[in-house]
Amino acid sequence: MRCGGVTRWPVPDRASVLRRAAEAGWPILQQTAAAAVAWVIAIAVVDHESPFFAPIAAVVGLNATLGRRGSNAVRLLVGVGVGIVVGEIAVTVAGGGVWTLTAATFVAMVIAQLVDGTRIVTAQAAVSAILITAFGDPAMGANRLVEALVGGGVALLFSQLVFTPEPLRLLRQVETAVLTAMADGLRLTADALEHDDPVLAEQALTRLRGLRDRLADLGAMRKASESIVRRSATWRSRKAPVVREQESADQLDLLAGSCLMLTRTAMATRPSQRATLAPGVGQLARAIADLAVQPGDRATRQRAADRALDLARWVIDHGAAVSAESVMAAACAAVRMVAIDVMIFAGVEQAKALAAVDADVEEPRVEDPPEGPRLRWPWHRRSAGRRAEQVEPTR
């Protein structure tokens with residue numbers, strides 16, 4: 001922002017700062033604990049006097065996004081190994097000096113690029129080669145490799161066994177954010193329809209357009225959950241529930257589009273018709289808001305599906321008296337589409353949802369939400385208990 005010719009950085013609000021701090025706190029505690037454990041192991045087991053690189057390797061190995069911490073630790077070890085080998089050969093052949101350091105650094109980075117190509121491998125290869133050629137001490141290379149093994153091993157232990165992320169919980173956290181934004185947008189839409197308020201309508205559209213960022217976060221978490229399942233020793237044999245939840249999360253893309261279309265078409269109706277649509281849109285907002293609180297609870301999903309089904313049937317009955325060419329008919333169709341998308345996300349098969357809406361057959365039952373392996377560690381159970389005090393169990 002530019003004010004009086006001076007560029008000022010935007011000041012984040014206190015809530016966003018506290019939220020980021022809370023999100024970063026747990027990974028920071030894990031990295032701190034890993035550094036301490038690696039230091040103790042390097043001193044007590046390996047008998048190194050000043051094992052500075054062991055805790056560094058542990059922190060660097062865990063300093064990655066969810067689903068990539070294990071591979072990050074392995075890549076660190078690969079980079080260190082490449083740099084040490086290149087540095088040792090360079091010192092043996094050419095001795096020390098700036099030209100040896102330059103050549104060793106260049107060769108180590110080139111080899112690292114050929115081996116893996118990620119930044120951490122390249123950086124660790126360069127650093128290791130620099131340390132070996134700068135100090136010219138062969139023992140430093142061996143010590144650094146041992147400490148890298150200690151730190152990387154601790155990082156793998158923490159990421160794969162002790163603090164394995166739960167992909168189902170992570171997916172549902174992002175689903176909650178998406179559903180909450182949808183519910184807010186539809187609530188604003190219902191208020192705008194009821195009071196014929198164009199300002200509220202514009203706020204609703206802004207909120208629903210903002211779903212693009214939330215959906216991008218959901219896409220990133222889908223990829224992260226795939227990485228966790230593929231690389232985690234705990235989840236590799238339990239990928240079926242994660243795949244099911246990913247398929248359920250995919251429906252949110254369609255639901256977001258349906259909500260945006262509903263708001264646009266509903267506000268395009270005549271002022272005398274808008275109040276008729278307001279209760280139905282408000283009912284959809286409440287159903288989606290309930291899902292946002294407990295996206296993994298079967299009873300919550302069933303209630304949302306039942307509400308959506310009742311609304312879809314009401315819209316069909318009401319729309320029968322509306323001209324098929326009118327904007328009101330398009331708005332009714334949009335309400336029906338949102339209701340069907342809610343049912344599908346809740347766990348009703350698409351064919352059964354359509355049949356229940358159009359043929360007035362028996363109300364379909366939602367499938368049981370996916371569940372992961374039972375929690376094994378005391379801190380997992382405590383954290384699950386704290387979540388259960390706030391809402392019903394979601395797993």
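Scroll up for the structure.
Only a predicted model underlies this, so the values are computations on that prediction, with no experimental measurement involved. (Residues numbered from 1 in each chain as written. Predicted model: local features only at pLDDT ≥ 70, side-chain atom pairs only at ≥ 80, totals over all residues. Heavy atoms only, no water.)

### Let's talk about the overall build of the protein chain
Of regular secondary structure, the protein chain possesses 15 helices and 2 strands. Among the 395 residues that make up the protein chain, the fraction classed as buried is 45%. Contacts spanning at least 24 positions in sequence make up 74% of the contacts within the protein chain whose residues lie at least 6 apart. (Helix = DSSP H or I, 4+ residues; strand = E, 2+ residues; numbered from the N terminus. Buried < 20%, exposed > 50% of the residue type's maximum accessible area, 1.4 Å probe, protein only. Contact = heavy atoms within 4.5 Å.)

### Some thoughts on the pattern of salt bridges
Tallying each qualifying case throughout the model produces 11 salt bridges. A salt bridge links glutamate 245 to arginine 301; its shortest N-O distance comes to 3.6 Å. Here glutamate 245, found in helix 10 (residues 239–267), pairs with arginine 301, found in helix 12 (residues 298–319); they are 56 residues apart in sequence, far enough to count as distant. Residue glutamate 245 is classed as buried on the basis of its relative accessible area, which comes to 0%. Between aspartate 368 and arginine 298 there is a salt bridge whose closest N-O contact spans 2.9 Å. One end of the pair, aspartate 368, is in the loop between helix 14 (350–359) and helix 15 (378–390); the other, arginine 298, is in helix 12, and 70 residues separate them in sequence. (Salt bridge = Lys/Arg side-chain N within 4 Å of Asp/Glu carboxyl O.)

### Some words on the packing of aromatic side chains
Across all of its chains, the model carries 0 aromatic pairs by this definition. The residue whose ring lies beneath arginine 301 is phenylalanine 345, and the NZ or CZ to ring-centre distance is 5.5 Å. (Phe/Tyr/Trp six-rings, centres within 6.5 Å; stacked < 30°, edge-to-face > 60°. Lys NZ or Arg CZ within 6 Å of the ring centre and 35° of its normal.)

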